[in-house]
Amino acid sequence: MTDTPDLKLGLIGDNIGRSRSPLLHRLVGRQNDMVVQYDRLIPKDMGEDFDTVFAQCVGRGYRGINVTYPYKERAASKVTVDDPLVRAIGAVNTVLFEADGPKGQNTDYTGFMAAYRGVRGDAAPGVCCLIGTGGVGRALAFALVALKAEEIRLVDRDAAKAEALAAELDALGQGVRVVAISDAEEAAKGAEGLLNGTPVGMVGYGGTPLPAAAMAGAGWAFDAVYTPVDTQFLTDAAAAGATILSGYELFFYQGVHAWAHFAGRPLDEPALRAALLAEAEESP
């Protein structure tokens, strides 16, 4: 096997030492008899800022990159986005370096849609409390509109950010009530769906964005965090009787959809799931 990769990819983000995206893309490459190199690109560890790392990707030979917290909105300003929905979301997590410049996609949006339907089928989301309106939170909010949520309650430490997103979602004219609420516990009262779109609960960002007592009566819960898979947020939601939608499912489907953009090659989803479970990395 040659040491020269058939496809060179990367992930730009902070606190990504335990990301399983490198493993996912190497395994999909293996399904296609391709050598895939997928690097973790952590600006502070590289002694560079995000703008420099991004600008150097083409020169360093990357066909494409994924972008994660906290850079998705910044990345959107550096790419051409052909899909009007992705332009409206205002955040990208997948970038292709084409001859005419970088192109942006958002597979968090499509990945969450696939993950939700895989667990809840055609069931409507109902009234939802979404904590966090940054890059992944924006994708989740637009997906909830597409899934016909009855109401979306947006919570963010930056109240102006939540209010701006509420106005953008309301302007879509889809008949979904959207409100910005400053207090997460207040927003969770009577909600069917509880969603964490913040890094709280991730390795290195301990805790939970919502007290367990505030989860009573919820029908389902989703956490965008998947390292660890069993976050305190999801553990508490399960104890309250909610159906759990793990961040691992978002990780899986955003990766599957990103691969389609990066390589345009087929993949075997059940085999990929099995291989991800069977093949542990030193830093999974």
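In this report, we go over the structure that sits alongside the text. (Residues numbered from 1 in each chain as written. Predicted model: local features only at pLDDT ≥ 70, side-chain atom pairs only at ≥ 80, totals over all residues. Heavy atoms only, no water.)

### Section: the packing of helix α6 (residues 107-120) against helix α7 (residues 135-146)
How we decide: To get an axis, fit a line to the C-alpha atoms, keeping to the stretch in contact for a helix; angles then go from 0 to 180 degrees between the N-to-C directions. For helices the rule is a DSSP run of H or I covering at least 4 residues; for strands it is a run of E covering at least 2, with both sets numbered from the N terminus onward. Reported orientations rely on four angle classes, namely roughly parallel under 35 degrees, roughly antiparallel over 145, roughly perpendicular from 65 to 115, and oblique for the rest. If you view the pair so one helix is near and one far, a crossing is left-handed when the near helix is turned anticlockwise from the far one by less than a right angle, and right-handed when it is turned clockwise. We call two residues in contact whenever any of their non-hydrogen atoms come within 4.5 Å of each other. Each residue gets one of three labels, nonpolar for Ala, Val, Leu, Ile, Met, Phe, Trp, Tyr, Cys and Pro, charged for Asp, Glu, Lys and Arg, and polar for the others, Gly among them.
Where α6 contacts α7, the axes come no closer than 8 Å and their chain directions differ by 50°. Considering the angle they form, α6 stands oblique to α7. Read as a crossing pair, α6 and α7 show a hand that is right-handed. Residues Asp 108, Tyr 109, Phe 112 and Met 113 of α6 pack against Val 136, Ala 139, Leu 140, Phe 142, Ala 143, Leu 144 and Ala 146 of α7. Residues belonging to the contact of α6 with α7 are distributed by class as follows: 10 nonpolar, no polar and one charged.

### Notes on the environment of Asp 183
Basically, it comes down to this: Polar contacts, as counted here, are pairs of nitrogen or oxygen atoms within 3.5 Å of one another; within protein the pair requires one atom able to donate a hydrogen and one able to accept it, and residues that are adjacent in sequence qualify only if both atoms are side-chain atoms.
Among the structural elements, Asp 183 can be located in the loop between β8 (177-180) and α9 (184-188). C-alpha of Asp 183 to C-alpha of Thr 110: the two residues are 73 residues apart in sequence and 28 Å apart in space. A polar contact is formed between the side chain of Asp 183 and the backbone nitrogen of Glu 185, at a distance of 3.3 Å.

### Things to note about the state of the cysteines
For the record, the criterion: We call a pair of cysteine sulfur atoms a disulfide whenever their separation is within 2.5 Å. Burial status follows relative accessibility: with a 1.4 Å probe on protein chains alone, a residue under 20% of its type maximum counts as buried, one over 50% as exposed, and anything between as partly exposed.
Inspection of every chain in the model, using the stated rule, returns zero disulfides. The thiol of Cys 128 is unpaired, and the distance to the nearest cysteine sulfur, on Cys 129, comes to 8.8 Å. Given a relative accessible area of 0%, Cys 128 falls into the buried group.

### Topic: the packing of α7 against helix α8 (residues 159-170)
Contact pair α7 / α8: the axes reach a minimum separation of 11 Å and the direction vectors enclose 30°. In this view, α7 runs roughly parallel relative to α8, as classed from their interaxial angle. In this structure, α7 crosses over α8, and the sense of that crossing is right-handed. For the pair α7 and α8, contact is made by Arg 138, Ala 141, Phe 142 and Val 145 and by Leu 165, Glu 168 and Leu 169, respectively. Taken together, the residues of the contact of α7 with α8 break down into five nonpolar, no polar and two charged.

### Points about helix α11 (residues 247-262)
Quick note on the threshold: The span one expects for a helix is its residue count, reduced by one, times 1.5 Å.
Taking 1.5 Å per residue as the helical rise, α11 with its 16 residues ought to reach 22 Å, and the 22 Å between its terminal C-alpha atoms agrees with that figure. Where burial is concerned, most of α11 is hidden: 13 out of the 16 residues are buried. Positive phi shows up at Gly 264, right after α11, with a value of about 65°.

### Quick notes on unusual backbone geometry
Residue Pro 70 is bonded to the preceding Tyr 69 through a cis peptide linkage, with omega at 5°. Its place among the elements puts Pro 70 in the loop between β3 (64-67) and α4 (72-76). The residue after Thr 227, namely Pro 228, is reached through a cis peptide bond having omega 10°. With respect to the element layout, Pro 228 can be found in the loop between β10 (220-223) and α10 (232-239). At Asp 33, a residue that is not glycine, the phi angle is positive and equals roughly 55°. Of note, the phi angle at Lys 148 is positive, near 70°, even though the residue is not glycine. Structurally, Lys 148 is set in the loop between α7 and β7 (151-155).

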